[in-house]
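Chain by chain, the residues run as shown.
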Amino acid sequence: MEDGEKMSKETVKSTEKLRPENIARVFEKNTVQINGTVATILACCSVAVIAIAALSLVGFFEFGRDYTYFVLITGLMISLLPKLLNRFFQPDFMKYYMFISAAIFIGVMGANKNIGIYITYILIPLLSCLYLDFVFVLKIAAVSYVAMIVSLYINSAVRPEVLFQGYSRMHIFMAYAAGFTVEYAIVTAVLCCLVKRCNHLMLECINAKHELVSTD
């Protein structure tokens, strides 16, 4: 009788661990950990920001002094602040803040005619996969896409095809936007599939762990 009651209590305990709120706590813990990882990655990117600004100031890049200072100050703020802000703000706010600000910064960089940005546009959605959150990846991919389209439109005004070959700005913009959109959509679809599969695998591992505990 006592053994039966003991097994019943263990079964109830195991079932409680599998409730949605308990699974949610697992993902909340993952969010906190990934926020720290992303903040560290962004902090490391400050080295690249300083290097780009230094190379521009010595004449290696033709950004112009004002734009160089803008890139330096804004880039350092976006890359270094998350380490500090992680201590004061909620994890959900921080993950959106870090990714949206980084996506906008990349879009601003891409709008400069002297900076060629291509694969970097998908870097932020790729990094968002660490959260194993399908909806979050879609949101960040949408923000990054808008930043990419805006930067393409701004940059289309100074394309050689517009300045020297007589093409209209809108024609060149639509051509580049179409090509970038196809590539972006394909990569985003692949990322979403990977996140959904990883999310499913993570849930299977949690269930398997709890089943193992309940049989001990």
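Preceding this paragraph is the structure being described.
Residues numbered from 1 in each chain as written. Predicted model: local features only at pLDDT ≥ 70, side-chain atom pairs only at ≥ 80, totals over all residues. Heavy atoms only, no water.

## Remarks on the nonpolar core
Step number 1: Of all hydrophobic cores here, the largest spans 39 residues; its most connected members are Val38, Met98, Phe99, Met109, Ile124, Tyr131 and Met148.
Step number 2: For this core, the elements supplying multiple residues, two or more each, are helix H2 (20-57), helix H3 (65-85), helix H4 (91-110), helix H5 (123-128), helix H6 (134-156) and helix H8 (169-215).
Step number 3: Residue contributions to this core peak at eight residues, all from H4.
Step number 4: Excluding residues that lie within four positions of it along the chain, Met98 makes contacts with Asn35, Val38, Ala39, Leu42, Pro82 and Tyr131. (Core = buried A, V, L, I, M, F, W, Y, C linked by side-chain atoms within 4.5 Å. Buried < 20%, exposed > 50% of the residue type's maximum accessible area, 1.4 Å probe, protein only. Helix = DSSP H or I, 4+ residues; strand = E, 2+ residues; numbered from the N terminus. Contact = heavy atoms within 4.5 Å.)

## So, the packing of H4 against H6
Step number 1: Two numbers describe how H4 lies on H6: the axes approach to 8 Å, and their chain directions differ by 20°. Judged by the inter-axis angle, H4 sits roughly parallel to H6. Seen along the crossing, H4 lies across H6 with a hand that is right-handed. Two secondary-structure elements touch here, H4 through Lys95, Tyr96, Phe99, Ile100, Ala103, Gly107 and Gly110 and H6 through Phe136, Lys139, Ile140, Val143, Ser144, Ala147, Ser151 and Asn155.
Step number 2: Broken down by class, the residue content of the contact of H4 with H6 amounts to eight nonpolar, five polar and two charged. (Axes fitted to C-alpha atoms, helices over the stretch in contact; angles between N-to-C directions. Parallel < 35°, antiparallel > 145°, perpendicular 65-115°, else oblique. Left-handed = near helix turned anticlockwise from the far one by under 90°. Nonpolar A, V, L, I, M, F, W, Y, C, P; charged D, E, K, R; others polar.)

## Quick word on the pattern of salt bridges
Step number 1: A full pass over the atoms with the stated rule returns two salt bridges.
Step number 2: Residues Lys95 and Asp92 are paired through a salt bridge, measuring 4.0 Å at the closest nitrogen-oxygen approach. Within this pair, Lys95 and its partner Asp92 are both found in helix H4, separated by three residues, close to a single helical turn.
Step number 3: The salt bridge partner of Asp133 is Lys95, with a shortest N-O separation of 3.8 Å. Of this pair, Asp133 sits in the loop between H5 and H6 while Lys95 sits in helix H4, and the two are 38 residues apart along the sequence. (Salt bridge = Lys/Arg side-chain N within 4 Å of Asp/Glu carboxyl O.)

## Section: H4
Along an α-helix, a turn takes 3.6 residues, which lines up residues three or four apart on a common side.
Step number 1: For H4, spanning 20 residues, the distance from its first C-alpha to its last is 29 Å, which sits close to the expected 28 Å at 1.5 Å a residue.
Step number 2: Buried within H4 are the following residues: Met94, Lys95, Met98, Phe99, Ser101, Ala102, Ala103, Phe105, Ile106, Gly107, Met109 and Gly110. (Expected span 1.5 Å × (residues − 1).)

## Re the packing of aromatic side chains
Where two aromatic rings form a pair, the distance of their centres and the angle of their planes describe that pair.
Step number 1: Applying the stated criterion across every chain, the model contains 11 aromatic pairs.
Step number 2: Centroid distance Tyr121 to Phe180: 6.3 Å. Interplanar angle 75°. Geometry classified as edge-to-face. Placement of Tyr121 in the loop between H4 and H5 and of Phe180 in helix H8 is noted, with a sequence separation of 59 residues between them. In this structure, Tyr121 and Phe180 share a single accessibility class: buried.
Step number 3: Relative to Phe136, the ring of Tyr131 lies with its centre 5.1 Å away and its plane at 70°, an arrangement referred to as edge-to-face.
Step number 4: For Tyr131, a relative accessible area of 2% corresponds to the buried category.
Step number 5: Assessed through its relative accessible area of 0%, Phe136 is described here as buried.
Step number 6: Taken together through their ring pairs, the aromatic side chains of Tyr96, Phe99, Tyr131 and Phe136 make up a single cluster.
Step number 7: Between Lys95 and the ring centre of Phe136, over which it is positioned, the NZ or CZ distance is 4.6 Å. (Phe/Tyr/Trp six-rings, centres within 6.5 Å; stacked < 30°, edge-to-face > 60°. Lys NZ or Arg CZ within 6 Å of the ring centre and 35° of its normal.)

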